[in-house]
Amino acid sequence: MQYNFQEIEKKWQKIWEDQQTFAASTDTSKPKYYVLDMFPYPSGAGLHVGHPLGYIASDIYARFKRHQGFNVLHPMGYDSFGLPAEQYAIQTGQHPATTTQVNIEGGIDKQGNAIAGYENQLKKLGFSYDWNREVRTSNPDFYHWTQWLFIQLYHSYYNNDKQQAYPISELVEIFQKEGNSNIQAATSQKEIFSADDWNGLTEEKKQEILLNYRLTYRAETTVNWCPALGTVLANDEVVNGVSERGGHPVYQQKMMQWSMRITAYAERLLQGLETIDWSEAIKESQRNWIGKSKGAEIDFSLSNSNITIKVFTTRPDTIYGVTFMVLAPEHPLVDEITTGEYIEKVNQYKEDSSKRSERDRMADAKTVSGQFTGAYAINPFSKEKIPVYIADYVLMGYGTGAIMAVPAHDERDHRFASYFSLSIKEVIQGGENVQNEAYVTKEGICINSGIIEGLSVKEAQEKIISEVETQNIGKGTINYRLRDAVFSRQRYWGEPIPIYYKNNIPYTLPESSLPLILPKVEKYLPTEDGEPPLGRAKEWAWNEKEQKIVSKDLINDQTVFPLELNTMPGWAGSSWYYLRYADPKNNTRFADDTQVKYWENVDLYIGGSEHATGHLLYSRFWNKFLKDYGYVNSEEPFQKLINQGMIQGIIENCYRSINSGNFIYKGKKMINIFNDNEELGVIIFDKNCFSNHIFEFTKEYQTLAIPIEFVKNYNKSDKEAYLDEENIHQYVKWHNFKNPVFITQNGFYKYSEKKFYNLDGQPLPPSTFKFYTESELGKMSKSKYNVINPDDVCEEYGADTLRMYEMFLGPIDQAKPWNTQGLTGVHSFLKKLWRLYFSGENEAFSVSEEKATKEELKTLHQLIKKVTEDIQNFSFNTSISSFMIAVNELAKLKTDKREILEPLIVLLSPYAPHIAEELWEKLGHTESIEKIPFPEFHAEYLVSDSFEYPVSFNGKVRFKIEMPAAATPKEVEEAVMAHEKTPNYLEGKTPKKIIVVPKRIINIVI
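Note that the structure is a prediction, hence the values are computed from the model and not measured.

Taken together, the side chains of K831, K832, R835 and K892 make up a positively charged region of the molecular surface. It is helix α24 (residues 823-837) that provides the largest number of residues to the positive patch, a total of three residues.

Below is the structure:
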């Protein structure tokens, strides 16, 4: 019987769906295991073969834990709000909800494109997801609870003494009784007030003050503003000063925005990293992002002014080495301190700096730029007058947005001082020549340092901090680089923020009114007045008296008030979705207490490392907040995290002259072409290759990726990839080029004439034309046109082959190249496995009830041991190799014993579930293989009854002899001396010595 994988896979996918095979039980008495993938954004492009890598790994582990008797929760859902759907809506006028649904479920979009559908593609791969628990962040029944969480955060503050969130109502009670002088809270409130002061304030003023304490608040914030997209972007959505999506310019700009006070949780976020099983690289990334620093805040007075500038420094011991000061370009004092002659230059520098994101500014350590403000500050200890600059290597979000620069002992400060010819003063002993190179050290003795002269660095730090506190010009403090997270976006396709405004003061909607449904709008663009797209909604006002949404025309600021026009960011829903899977159909709360506390936290989480300082940080923040209120038991949401590597694809490139628009083969023999207004142009070759042609050199060409479906010999390691005449026509029509010429080493093809010429202009048969492309390994991406659809692989080889091949490529956490040719080896393995069970006459199914031999049991238990260890260590690639070796050995032994074949297929089932279910059924079982215990390893089967000794004469191995493993040295010696080959090597001599090392060697000395 042939291995009909297509029929088998469709059969078992239907059975699994009909029988709800992978539905997690609500019985909380069983041990649980929660396996979760980072849920995908459902783009119209669908899956490519790189996407399932992590899903396959998590599925293997989920199936393994079921075999071990665990109640496994392995759900899937969609992060379905997002900018791509909105951009598509702007282009097509189609509602994002419609396109999102088609992208998930499949169908035909408005442009007539056939969309496979994420869910259909995932189901084809045989993943053991509990589809009953599917969530979509854009569904009102989900974002109802995202909005509810926003409201809980809004009505909370963070008590620094107790390191916990509490209701804001408790804070109000304290204000009423004693003011805020004794409150240790995370806040941006600067002014101190008494109880009488508080009780005498208007309601509006009280609410303004409370915004400085709330865990979600509205304030003027410096943001990444992208005019082309009409929205604010998070730091991780900006790359090299442009938006990650679309490559549009991004500017630093101050705007009124909603923010989350994640900084309140900075210390807990740091400490929590010590309790979770994540890679050290991800932990270190978060530590650096949080950026804890111990140091001091010190006030510097401005010369001839009452203005003081507060700096934060981690090295107060170097204060005598301060020779200039630097402010962030966006520092609020910049305009105030800049003198007349420098205003224009300072403004220009501020504008230039606004085009760079904070992340880019932090990463660019080598570029030196800055601008003098014309102002001078006074060093509070040396009393020296120091110039004040602005420079974009100082960030407003870190410390106070101002630094005291010590160029002798800081590399960036040294580069800056050298560039602007500023003074460099050594204050820590030990540097060779600080004028040439900064002496960066955290230890040493202070020199040239007044009251701390001769003290160690540590002693000097303590002395300076004590002194600034005595003089009331500063204090010792701990600072974090982490900034509060901007939470609002000026776009349509996101969760509406449940806020309305009375006298410009925000108030939350009552929880009973949730969900606040995203309204209909005529366009998905900002309004003509610059308002976000929700400004176009007609029914978008809150009737406070009747507690309902009404027309904006009814706004009277008495009973009817305007609603918030911003929406939540893309990370809102993904910050808590893992909890919703515990009880996704609950309409009365985000999830039932019993279910949440049973399933939390996620035991295994698999996803990309690119989320280190975004989703993974925000989720930890929200989880800790929920822990403070008792909604969850665990501090951390994800106990073990694995970051899968990337499956890379071959990118096929061609090169097009910018001047002529023609195409060139850019290999070792070709440099470039240009157009000299003659019919064929002039071909420019490397002068060492073609002595009979014109030589000239230019680099003016662009690199273009070619869709792989147009390329012959794509991804074939033993052959060069190229375009023939047919492919050229496909490519030109697809890209709409205007009659280009394709030039190769030995001729050129004129598209306008459909003719091929040699380099002398003589016609050649078009069939001989080959335009070679240049292959490079890179990211598999729609923009590189090198995406391979897993549906095509499943159609040709089957899902089980794809699953095993992707695991076989290499370690789960490393990048590896895709090679379609490699699929055939894995597919051949599955066919060989199939034949073990169909070894009867005419390939009939045949299984023997005979007892297995020692060799068969040894092979089986070696495999059980290896596969069990590999799955537990996530070394899936070595498991595949072990399966192949074991099946080869069993095939040689002509194994057909049930005692071997049953546990063998259970071992394989996490990797290749379809073929495993089919063979399990053929073996006579009616229950799914998923419910069968994983085979147990028995070491005794690996202990051999015999041992093959190498027999040496004077150290040279001559033959081998097999002996019982329990044989004594004396018995081994007697057997060797009696062996028929021994006399030939003794040559009549008597051995001087016979050495027997049990289960090692025999050496006869003659």
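Further notes follow.
Okay, the domain arrangement of the chain next. Interface size, as often reported, equals the accessible area lost upon joining of the parts. If you check the domain split of the chain, you get domain 1 (292-480), domain 2 (648-779), domain 3 (790-935) and domain 4 (944-1005). The C-alpha centroid of domain 3 is placed 64 Å from the C-alpha centroid of domain 1.

What follows is about unusual backbone geometry. With omega at 0°, the peptide bond leading from L514 into P515 counts as cis. Its place among the elements puts P515 in the loop between β21 (505-508) and β22 (541-543). Across the junction of E600 and N601, the peptide omega takes the value -20°, indicating a cis bond. Along the chain, N601 turns up in the loop between α19 (593-599) and β25 (604-607). Positive phi values are uncommon outside glycine, yet N713 reaches one of about 60°. Along the chain, N713 turns up in the loop between β31 (701-705) and β32 (722-723).

Taken together, the side chains of I995, V997 and I1001 present a nonpolar region at the surface, about 190 Å² in accessible area. Tracing the backbone through its elements, the reader meets V997 in strand β42 (residues 993-997).

Right, let's get into helix α2 (residues 52-67). Taking 1.5 Å per residue as the helical rise, α2 with its 16 residues ought to reach 22 Å, and the 22 Å between its terminal C-alpha atoms agrees with that figure. Taken across its 16 residues, α2 has 16 buried, putting it largely inside the fold. Following α2 by one or two positions, G69 adopts a phi angle in the positive range, close to 95°.

Moving on: the packing of helix α6 (residues 140-154) against helix α20 (residues 615-628). In the contact formed by α6 and α20, the axes pass within 12 Å of each other and the chain directions differ by 65°. In terms of their interaxial angle, α6 and α20 are classed as roughly perpendicular. Every pair of crossing elements has a handedness; the one defined by α6 and α20 is left-handed. Side by side, α6 and α20 meet where T146, L149, Q152 and L153 of the first sit next to F621, W622, F625 and L626 of the second. Counted by class, the contact of α6 with α20 contains six nonpolar, two polar and no charged residues.

Before going further, it helps to spend a moment on the pairing of strand β15 (residues 371-378). Burial analysis of β15 places six of its eight residues in the buried class, which makes it a mostly covered element. Bridging between strand β12 (residues 292-302) and β15 involves two bridges; their strand directions are antiparallel. Bridge assignment links L302 to a residue of β15, and that residue is A377. Sheet topology places β15 next to strand β16 (residues 385-390); five bridges connect them, and they run antiparallel. Within β16, the position partnered with A377 by the bridge is I386.

For the rest of this paragraph, the subject is the environment of Y805. Mapped onto the elements, Y805 comes out in helix α23 (residues 799-808). Its relative accessible area of 4% is what places Y805 among the buried residues. Counting along the chain gives 73 residues from Y805 to V732, while the straight-line C-alpha distance between them is 35 Å. Sequence-distant contacts of Y805, that is, excluding residues within four places in its chain, are made with W818, N819, G822, L823 and V826.

Moving on to the sheet that holds strand β7 (residues 216-226). The strand order β8-β7-β11-β19 describes an open sheet built from four strands, whose pairing is antiparallel. With partners counted over all chains shown, the strands left at the sheet margins are β8 (231-233) and β19 (485-486), one partner each. Inspection of the sheet shows strand β11 (residues 251-260) paired to β19 by two bridges, in the antiparallel sense. By the bridge assignment, M260 is partnered in β19 with A485. Most of the contacts of α6 go to β11, to which it runs at about 90°, and overall it touches β7 and β11.

Scoring rules and cut-offs
Residues numbered from 1 in each chain as written. Predicted model: local features only at pLDDT ≥ 70, side-chain atom pairs only at ≥ 80, totals over all residues. Heavy atoms only, no water. Patch = residues over 30% accessible without salt bridge, like charges linked within 9 Å, V, L, I, M, F, W, Y side chains within 5 Å. Areas by Shrake-Rupley, 256 points an atom, 1.4 Å probe, with all protein chains shown as cover. Salt bridge = Lys/Arg side-chain N within 4 Å of Asp/Glu carboxyl O. Lys, Arg positive; Asp, Glu negative; His and termini not counted. Charge placed at Lys NZ, Arg CZ, Asp CG, Glu CD. Helix = DSSP H or I, 4+ residues; strand = E, 2+ residues; numbered from the N terminus. Domains from an automatic or database assignment. Expected span 1.5 Å × (residues − 1). Buried < 20%, exposed > 50% of the residue type's maximum accessible area, 1.4 Å probe, protein only. Axes fitted to C-alpha atoms, helices over the stretch in contact; angles between N-to-C directions. Parallel < 35°, antiparallel > 145°, perpendicular 65-115°, else oblique. Left-handed = near helix turned anticlockwise from the far one by under 90°. Contact = heavy atoms within 4.5 Å. Nonpolar A, V, L, I, M, F, W, Y, C, P; charged D, E, K, R; others polar. Pairing = 2+ DSSP bridges.

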